[in-house]
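The lines below spell out each chain.
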Amino acid sequence: MPTAEERALLGRLQPEHWREHAEQRGLAGTLTGRPKLTESGIVCAVRLDGQWTATKLRSAEDHVRALLGARTSLRIQTKAGKRGGWAELTIRTRSAADGDDLLWSPERRSLGVDTVTGDQVTVPLGERLLIAGRSGAGKSVASRPLLFDASEGPANALVIIDLKRVEGRLWDHRARVASTPEEVIAVVDELEAEMHDRLDVLPKGQDTWTPSPDRPRITVVVDEGAEVVTAADKVPFPEVDDDGKTKVRTRSALPGLESIARMGRAAYIDLWWMTQKPTIGDGVPKQIAPQISTSICLAVRTPAEARVVLGEDAQAKGWNADELPVPGVALVRDGKRKPDPVKVRYMDKAVVIALPARTPWARHTATAGAPSITLVKDIPDTTSTPAATDPDSTDTRVLGLIRSSGQPIRQKELTEQSGLSKGTVSKVVKRLADSGHITRNADGGLIADEAA
Ligand SMILES: Nc1ncnc2c1ncn2[C@@H]1O[C@H](COP(=O)(O)OP(=O)(O)O)[C@@H](O)[C@H]1O
Ligand SMILES: [Mg+2]
């Protein structure tokens, strides 16, 4: 059903009306065919005489607009027709996304819908993404369908760095979330170690392998990146030295994130950077910007910001992100797409919270060679305590310390040496004593029972 505006336009595009007014509008020598109403607007062929080309008609758009009485904000596209001597006018009275219910659901998982072609727009995992746009433009909402994909399936794992503690909290049942500068440093350390491990075991000459539940693809999402640049730089971070003393050093999360951006791809560790401040240096680190392979740009404040996100040539080629409506309309530049605006699906917070839980990723320290862990093999396989055979378990760690001490050891010393909390050590000791792995002597010293 045409709207009132469309009905008026359809009337003025009829060849009878056009013929009557073409000359006085400087369009003599052109004649319309019958216009059609489609899901993206009105389409009409125009016959051109020898004086006209499609390009010339395009430059006469103002005359066409006047003849049709079309408002200035209505988009009119002119291209060469299907046959020589014809042009095709498309008057975008509707968005191709209008008919689609834009709520996200597991059955409709795309990022959004192309407003010109009506195509579903998807962004595959494995890209280094930049998601930018001013505050409230819809970055977090746009990221949700992608975060879903990145946290779904046994061979995918999601890590979220979010110092604002807003978006990360929605995902903490499905993702490893770091929301303090200390947690950010710790998780980036783990990721970097994991990355180097993976790169080391890569067979020579082979730069791809298949992620598995043991070694999943890890997508690392930094929300409000500018915040991380400032707050996760120069963080006082306690570290235990070889001599067992704790020292406070100043650390920054940035070098680790930069090396993940540079080298993570072959290790299946992909960095996504989100920011409301798309400027090189304070909003997007200098070393990370050149690694970006796909940009999702919601409304930004200035053409200069749009150029940072979409490329220096952006504006000249029609990528005008400073003119996008707010919220939820994006340009996606991946090297293949045109600058057609994408209407982003809406995935509500409640939908995220209701998603099934998954065990968040953490690096397996069993392979890291810490001395307390290498002692695992000393424990007889016949032991009846499952916890004590689990290489990652605190029980194993504590039992290892007791065995290696060679003399009765106190609970207090165990707390210091294991790095575990007092309460945890006390629980572990009780468990190990109950299961007969250790005994406590009269002085309170703990001894491993060699027969156990
Ligand atoms: N695709 C969308 N569809 C409908 N509403 C949206 C969409 N994206 C954002 N919004 C609205 O705008 C608000 C701000 O979006 P948000 O993603 O939090 O912005 P940003 O992260 O860019 O600051 C949301 O709470 C929501 O109400
Ligand atoms: Mg946000």
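Residues numbered from 1 in each chain as written. Chains lettered and ligands numbered in written order. Predicted model: local features only at pLDDT ≥ 70, side-chain atom pairs only at ≥ 80, totals over all residues.

Let's shift gears to the overall build of the protein chain. Of the regular secondary structure elements, the protein chain holds 16 helices and 19 strands. Relative to a compact globule of 452 residues, whose C-alpha radius of gyration would be 22 Å, the protein chain shows 31 Å and is clearly more extended. By its C-alpha atoms, the protein chain is 110 × 40 × 40 Å across when sized along the principal axes. For the protein chain, with 452 residues in total, the buried portion stands at 36%. Sequence-distant contacts, at least 24 apart, represent 61% of the contacts inside the protein chain between residues at least 6 apart. (Helix = DSSP H or I, 4+ residues; strand = E, 2+ residues; numbered from the N terminus. Rg over C-alpha atoms; globule rule 2.2 N^0.38 Å. Buried ≥ 20, exposed ≤ 12 C-beta atoms within 10 Å, placed from the backbone. Contact = placed C-beta atoms within 7 Å.)

We now examine the sheet that holds strand 6 (residues 112-114). Strand pairing within a sheet occurs via backbone hydrogen bonds; the two strands may be parallel or antiparallel. On the basis of which strands lie adjacent, the open sheet formed by ten strands has the order 7-6-17-16-15-8-14-11-9-10 and mixed pairing. Whereas interior strands pair on both sides, the edge strands pair on one side only; in this sheet they are strand 7 (120-121) and strand 10 (176-178). In this structure, strand 6 lies alongside strand 17 (residues 342-344), joined through three bridges in antiparallel fashion. Bridging from a neighbouring strand, G112 pairs with V344 of strand 17. Along the sheet face, helix 7 (residues 181-201) touches strand 9 (156-161), strand 10, strand 11 (217-222) and strand 14 (269-275) and points at about 130° away from the line of strand 10. Contacts between helix 9 (residues 254-263) and the sheet are confined to strand 11 and strand 14, with strand 14 contributing the most and set at about 120° to the helix. (Pairing = 2+ DSSP bridges. Axes fitted to C-alpha atoms, helices over the stretch in contact; angles between N-to-C directions.)

We now examine the pairing of strand 12 (residues 235-240). With zero of six residues buried, strand 12 is to be regarded as a mostly surface element. As defined by bridge partners, strand 12 adjoins strand 13 (residues 246-251) across six bridges and the pair is classed as antiparallel. Considered in strand 13, the bridge of P238 is made with V248. The turn joining strand 12 and strand 13, which pair antiparallel and follow one another in sequence, is formed by five residues; a positive phi near 85° is taken by G244.

Let's shift gears to the site of ligand 1. With respect to spatial proximity, the complete set of residues near ligand 1 consists of G133, S135, G136, A137, G138, K139, S140, V141, P327, G328, V344 and Y346. Among the elements that line the shell around ligand 1, the one with the most residues is helix 5 (residues 139-150), at three residues. Residues belonging to the shell around ligand 1 are distributed by class as follows: five nonpolar, six polar and one charged. (Near = placed C-beta within 6 Å. Nonpolar A, V, L, I, M, F, W, Y, C, P; charged D, E, K, R; others polar.)

For the rest of this paragraph, the subject is the nonpolar core. With 74 residues, the main nonpolar core has V159, V220, V221, C297, A321 and A330 as its most contacted residues. Residues within four places of V159 in sequence aside, it is in contact with A175, R176, V187, L191, I218, V220, V221 and W361. Core analysis: the next-biggest nonpolar cluster, separate from the first, contains 17 residues, L10, A22, V46 and L89 among them. (Core = buried A, V, L, I, M, F, W, Y, C linked by C-beta atoms within 7 Å.)

Split into domains, the protein chain comes out as domain 1 (4-92), domain 2 (112-353) and domain 3 (365-448). Placing a centre on the C-alpha atoms of domain 1 and another on those of domain 2 gives a separation of 44 Å. (Domains from an automatic or database assignment.)

Every buried residue of helix 1 (residues 4-13) is listed here: L9, L10 and L13. Viewed end-on, helix 1 has its buried residues packed into an arc of 100°, placing them on one side of the element. Opposite the buried face of helix 1, by more than 90 degrees, sit the exposed residues A4 and R7. Looking at the packing, one finds that the buried side of helix 1 touches helix 2 (15-22), strand 1 (30-32), strand 2 (36-38), strand 3 (41-48), helix 4 (61-68) and strand 5 (86-92). (Arc of directions from axis to C-beta.)

Here we take up the packing of helix 14 (residues 394-405) against helix 15 (residues 411-418). Two elements in contact, helix 14 and helix 15, have axes separated by 10 Å at closest approach and are oriented at 115°. Between helix 14 and helix 15 lies a crossing of right-handed hand. Here R397, V398 and L401 of helix 14 lie close against helix 15, whose contacting residues are L414, Q417 and S418. Along the lines of polarity and charge, the residues of the contact of helix 14 with helix 15 split into three nonpolar, two polar and one charged. (Left-handed = near helix turned anticlockwise from the far one by under 90°.)

The next subject is the environment of G126. Locating G126 in the fold gives a position in the loop between strand 7 and strand 8 (129-132). By C-beta crowding, G126 is classed as partly exposed, having 15 other C-beta atoms within 10 Å. Taking C-alpha positions, G126 is 9.2 Å from I218, a pair spaced 92 residues apart along the chain.

Between V326 and P327 the backbone carries a cis peptide bond, its omega angle lying at -10°. In this structure, R165 is a non-glycine residue whose phi angle is positive, near 55°. Relative to the assigned elements, R165 resides in the loop between strand 9 and helix 6 (167-171). Unusually for a residue other than glycine, Y268 sits at a positive phi of about 60°. Along the polypeptide, Y268 turns up in the loop between helix 9 and strand 14.

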